[in-house]
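A look at the structure
One-letter residues, chain by chain:
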Amino acid sequence: METQNLWPDFAVEPVKSPKDILKEQANHLIHKTNNVLSAEVETVDFPTREIVHTFSIIAPALSNYRYKLLAIEHGAFVYPVSISWANGKVEAKNQQQFIDILSNIFSEPETVRVISSLLAQSLTE
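Each value, and the rule that gives it
- Residues numbered from 1 in each chain as written.
- Predicted model: local features only at pLDDT ≥ 70, side-chain atom pairs only at ≥ 80, totals over all residues.
- Heavy atoms only, no water.
- Helix = DSSP H or I, 4+ residues; strand = E, 2+ residues; numbered from the N terminus.
- Contact = heavy atoms within 4.5 Å.
- Phe/Tyr/Trp six-rings, centres within 6.5 Å; stacked < 30°, edge-to-face > 60°.
- Axes fitted to C-alpha atoms, helices over the stretch in contact; angles between N-to-C directions.
- Parallel < 35°, antiparallel > 145°, perpendicular 65-115°, else oblique.
- Nonpolar A, V, L, I, M, F, W, Y, C, P; charged D, E, K, R; others polar.
- Core = buried A, V, L, I, M, F, W, Y, C linked by side-chain atoms within 4.5 Å.
- Buried < 20%, exposed > 50% of the residue type's maximum accessible area, 1.4 Å probe, protein only.
- Left-handed = near helix turned anticlockwise from the far one by under 90°.
- Pairing = 2+ DSSP bridges.

**Brief notes about the environment of Phe98**
- Within the secondary structure layout, Phe98 lies in helix H2 (residues 95–107).
- A sequence separation of 15 residues divides Phe98 from Ile83, and the C-alpha atoms of the two residues are 8.4 Å apart.
- Dropping the residues within four chain positions of it, Phe98 is found in contact with Pro18, Ile21, Leu22, Ile72, Tyr79, Val81, Ile83 and Ala92.

Here is the structure:
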């Protein structure tokens, strides 16, 4: 005799995961730099119950030089998410806050300077 299924129906939240948003932004960077630079989102091992993803900019023409721009971490729930980068650490409580924070990080003078420098060096190789 088969036992009864005791699991309830599960609802999938209609939000994009932070990892999916980062992957989309990686594709936008590749397009924006005409394939000169690329980006990678990598899930890394972390010794806690947190899920950690890194976002790195890659310069293939410079022996695949990698610049880790930021890392994010969250628990079993998609949000809140913690974002760490060179200028600090901040928490986004929801998808829109996460997108706004990413926009600010991508527009920071240091980020623009790094990307511009990697582009210039890549184009001379």
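**Quick notes on the packing of aromatic side chains**
- For the structure on display, the rule yields 3 aromatic pairs.
- An angle of 35° between the planes, with centres 5.8 Å apart, marks the rings of Phe55 and Phe106 as tilted. One end of the pair, Phe55, is in strand E2 (residues 51–59); the other, Phe106, is in helix H2, and 51 residues separate them in sequence.

**Comments concerning the packing of H2 against helix H3 (residues 109–124)**
- Packing of H2 against H3 leaves a shortest axis separation of 5 Å and a crossing angle of 55°. Accordingly, the angle class assigned to the pair H2 and H3 is oblique. Residues Ile105, Phe106 and Ser107 of H2 pack against Pro109, Thr111 and Val112 of H3.
- The residue makeup of the contact of H2 with H3, split by class, is 4 nonpolar, 2 polar and no charged.

**Some details on the nonpolar core**
- In this structure, Leu22, Phe55, Ile57, Leu70, Ile83 and Phe98 are the most contacted members of the largest nonpolar core, which totals 26 residues.
- Phe55 has contacts with Leu22, Gln25, Ala26, Ala39, Glu40, Val41, Tyr67, Lys68, Leu69, Leu70 and Phe106, leaving out every residue within four places of it along the chain.

**Some points on the packing of helix H1 (residues 18–32) against H2**
- Two elements in contact, H1 and H2, have axes whose closest approach is 11 Å; the angle formed by their N-to-C orientations is 35°. Classified by chirality, the crossing of H2 by H1 is right-handed. Only Gln95, Phe98, Ile99, Leu102 and Phe106 of H2 make contact with H1, whose side of the interface consists of Pro18, Ile21, Leu22 and Gln25.
- Partitioning the contact of H1 with H2 into residue classes produces 7 nonpolar, 2 polar and no charged.

**Digging into the sheet that holds strand E3 (residues 65–74)**
- Strand order in the open sheet made by the 5 strands is E1-E2-E3-E4-E5, with antiparallel pairing throughout. Lying at the two open borders of the sheet, with one neighbouring strand each, are strand E1 (38–44) and strand E5 (88–92). Put simply, the sheet's adjacent strands are angled 25° from each other on average, direction ignored.
- Pairing of E3 with strand E4 (residues 81–85), which is carried by 4 bridges, proceeds in the antiparallel orientation. Following the sheet pairing, Ala71 is matched in E4 by Ser84.
- Taken strand by strand, H3 contacts E2 and E3, and its axis lies near 145° from that of E3.

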